[in-house]
Amino acid sequence: MLSKEKITRINELSKKKKLGTLTEAEAKEQTTLRKEYLDTFRNSFRDTITNVQVFDEAGNDVTPDKVKQLKRNRLN
């Protein structure tokens, strides 16, 4: 998870961009911070999906094979 300081900085840079006062250096910083944020989000989401089990109304495990395979790969 990204620190509060980094998220605050992303928001500050976003506001500056909307106002049209973003410098070239700040634009590069914004791109770097956004990339880091998206990488963190994607990894967190992938971990969540990997740990999900799906059951039908009868109680049978219907977790997709792809998710099961990801889980097996993570355990090994």
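First, a word on scope: everything that follows refers to the structure included in this document. (Residues numbered from 1 in each chain as written. Predicted model: local features only at pLDDT ≥ 70, side-chain atom pairs only at ≥ 80, totals over all residues. Heavy atoms only, no water.)

Concerning a nonpolar patch on the surface
- Among the surface-exposed residues, Ile 7, Tyr 37, Leu 38, Phe 41, Phe 45, Ile 49, Val 52, Val 54 and Val 62 lie close enough to one another that they form a single nonpolar patch of about 730 Å² accessible area.
- Counting residues per element, the nonpolar patch draws most heavily on helix α2 (residues 24–50), at five residues.
- By the element assignment, Ile 7 lies in helix α1 (residues 4–19). (Patch = residues over 30% accessible without salt bridge, like charges linked within 9 Å, V, L, I, M, F, W, Y side chains within 5 Å. Areas by Shrake-Rupley, 256 points an atom, 1.4 Å probe, with all protein chains shown as cover. Salt bridge = Lys/Arg side-chain N within 4 Å of Asp/Glu carboxyl O. Helix = DSSP H or I, 4+ residues; strand = E, 2+ residues; numbered from the N terminus.)

Observations regarding the environment of Asn 43
- Along the chain, the position of Asn 43 falls in helix α2.
- Its relative accessible area of 42% is what places Asn 43 among the partly exposed residues.
- Taking the C-alpha atoms as reference points, Asn 43 and Lys 66, separated by 23 residues in sequence, lie 17 Å from one another. (Buried < 20%, exposed > 50% of the residue type's maximum accessible area, 1.4 Å probe, protein only.)

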